[in-house]
Amino acid sequence: MSESFLAVDNLNTFYGKSHILHDVSLTVGKGELVALLGLNGAGKTTTMRSILGLTRPRAGTVKFSGRDISGWPSYRVSRLGVGYVPEGRRMFKELTVLENLQIAETGRKGAWTIDRVFQRLPKLQELRARKSGRLSGGEQEMLAIARALVANPTMMLVDEPSQGLAPLIVEEVYKILEEMKAAGTSILLVEQNALLALKVADRAYVMDEGRIVYSGVASELERDRAMIRTLMGLQEAAS
Ligand code: ATP
């Protein structure tokens, strides 16, 4: 297996008194695309927030590129080269497409400039002067990815990119993720649609009630029909 780029060890995270993450451990190797799967409320977003320093874990460690970044504030984590495409896209709705990208560009310099992003996503260029609150869901997802790209991350955390999007747009979004992986970016991908994520992932973890209950090679998990049915919400329990 490739060297661990991101290594999360025994994270325990609480919201108030609610113990949400229980000893969550996972790794992502350099250039690897790892899927984090699980039903609604399993703890996937909380895991990402804990890695990013948006929610501070009570115990456990996060190492990135050999450095212990546990407890670091999110702005420092992002400066190290960890990008985030949050669920629901969260952008400055009153700012235009271009302004959203200009704000994000103040991060790390590298191959992805606003011009290059516009070349790759010409639709966004056409919409550069539109307020992002007026974009469609698919256009907003593209902008959320573009915004992460212009900060030139070496690792991306992507939360539910397919949510609420039409199949053709989902295909486009996944094509970009695959291109990023091909360019060497490590990706941790949270997805409700397990089959979709497993098609592009190298490895996968499954969470349930705040715990990692499965980890393995994506192609093997794809063949585990009982698990897939559970993850896709078609059956109560995997046997
Ligand atoms: P989803 O796909 O619905 O986002 P998820 O797997 O990402 O699910 P989380 O969002 O991490 O799950 O939520 C894990 C648990 O933590 C859930 O029980 C949720 O209700 C709870 N939770 C999430 N955010 C908060 C919060 N800010 N305060 C209290 N409880 C929260």
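Residues numbered from 1 in each chain as written. Predicted model: local features only at pLDDT ≥ 70, side-chain atom pairs only at ≥ 80, totals over all residues. Heavy atoms only, no water.

1. So, the site of the ligand
Next, step 1: Around the ligand there are 13 residues in total, and Asn40, Gly41, Lys44, Thr45 and Thr46 lie nearest to it.
Next, step 2: At 2.8 Å from an oxygen atom of the ligand is found a side-chain nitrogen or oxygen belonging to lysine 44.
Next, step 3: Note that an oxygen atom of the ligand is positioned 3.3 Å from one of the side-chain N or O atoms of glutamate 160.
Next, step 4: For the ligand, the accessible surface in isolation is 630 Å², of which the surrounding protein chains cover 59%. (Near = heavy atom within 4 Å. Polar contact = N/O pair within 3.5 Å; in protein donor to acceptor, adjacent residues only side chain to side chain. Areas by Shrake-Rupley, 256 points an atom, 1.4 Å probe, with all protein chains shown as cover.)

2. A short note on the layout of surface pockets
Next, step 1: Size it by volume and the largest pocket reaches roughly 670 Å³.
Next, step 2: As for the largest pocket, its lining consists of 23 residues, and the residues nearest its centre are Ser78, Val82, Gly83, Tyr84 and Arg147.
Next, step 3: The set of elements that each furnish at least two residues to the lining of the largest pocket consists of α2 (74–79), β6 (82–85), α3 (97–105) and α6 (137–149).
Next, step 4: It is α2 that contributes the most residues to the lining of the largest pocket, 5 residues altogether.
Next, step 5: For the lining of the largest pocket, the per-class residue count stands at 13 nonpolar, 6 polar and 4 charged. (1 Å grid on protein atoms, 1.4 Å probe; cavity = no way out; pocket = protein on both sides within 12 Å on 5 of 7 lines; lining within 4 Å. Points joined across faces, edges and corners; volume = space filled by probe spheres on them. Helix = DSSP H or I, 4+ residues; strand = E, 2+ residues; numbered from the N terminus. Nonpolar A, V, L, I, M, F, W, Y, C, P; charged D, E, K, R; others polar.)

3. Let's talk about the packing of α3 against α6
Next, step 1: Two elements in contact, α3 and α6, have axes whose closest approach is 8 Å; the angle formed by their N-to-C orientations is 30°. Classified by the angle their axes make, α3 and α6 are roughly parallel. Pair α3 / α6 crosses with right-handed handedness. Note on element contacts: α6 touches α3 through Leu143, Ala146 and Arg147, opposite Val97, Asn100, Leu101 and Ala104. (Axes fitted to C-alpha atoms, helices over the stretch in contact; angles between N-to-C directions. Parallel < 35°, antiparallel > 145°, perpendicular 65-115°, else oblique. Left-handed = near helix turned anticlockwise from the far one by under 90°. Contact = heavy atoms within 4.5 Å.)

4. Let's talk about the domain arrangement of the protein
Next, step 1: For the protein, the assigned domains are domain 1 (4–81 + 154–238) and domain 2 (90–152).
Next, step 2: Counting from both sides, the interface comprises 14 residues of domain 1 and, opposite them, 11 residues of domain 2.
Next, step 3: Interface area, domain 1 with domain 2, both sides summed: about 1,100 Å², of which 69% is carbon and sulfur.
Next, step 4: At the junction of domain 1 with domain 2, the criterion picks out 1 salt bridge.
Next, step 5: Among the salt bridges present, the one from glutamate 179 reaches arginine 120, with a minimum N-O distance of 2.8 Å. (Domains from an automatic or database assignment. Buried area = accessible area lost by both parts, 1.4 Å probe. Salt bridge = Lys/Arg side-chain N within 4 Å of Asp/Glu carboxyl O.)

5. Some thoughts on α6
Next, step 1: In this model, α6 (13 residues) spans 18 Å end to end at C-alpha, consistent with the 18 Å of a helix rising 1.5 Å per residue.
Next, step 2: Within α6, 12 of the 13 residues are buried, leaving the element largely enclosed by the surrounding structure.
Next, step 3: For α6, the full list of buried residues reads Gly138, Glu139, Gln140, Glu141, Met142, Leu143, Ala144, Ile145, Ala146, Arg147, Ala148 and Leu149.
Next, step 4: Turning to α6, the residues buried within the fold contact β6, α3, α4 (114–120), α5 (122–126), β7 (155–159) and α7 (167–182). (Expected span 1.5 Å × (residues − 1). Buried < 20%, exposed > 50% of the residue type's maximum accessible area, 1.4 Å probe, protein only.)

6. Some details on the packing of α6 against α7
When two helices pack together, their arrangement is captured by the angle between the axes and the distance separating the axes.
Next, step 1: At a minimum axis separation of 10 Å, α6 and α7 run at an interaxial angle of 10°. Classified by the angle their axes make, α6 and α7 are roughly parallel. Where α6 crosses over α7, the handedness of that crossing is left-handed. Along its contact with α6, which presents Gly138, Glu141, Met142, Ile145 and Leu149, the element α7 presents Ile169, Glu172, Val173, Ile176 and Met180.
Next, step 2: Residue classes in the contact of α6 with α7 are distributed as 7 nonpolar, 1 polar and 2 charged.

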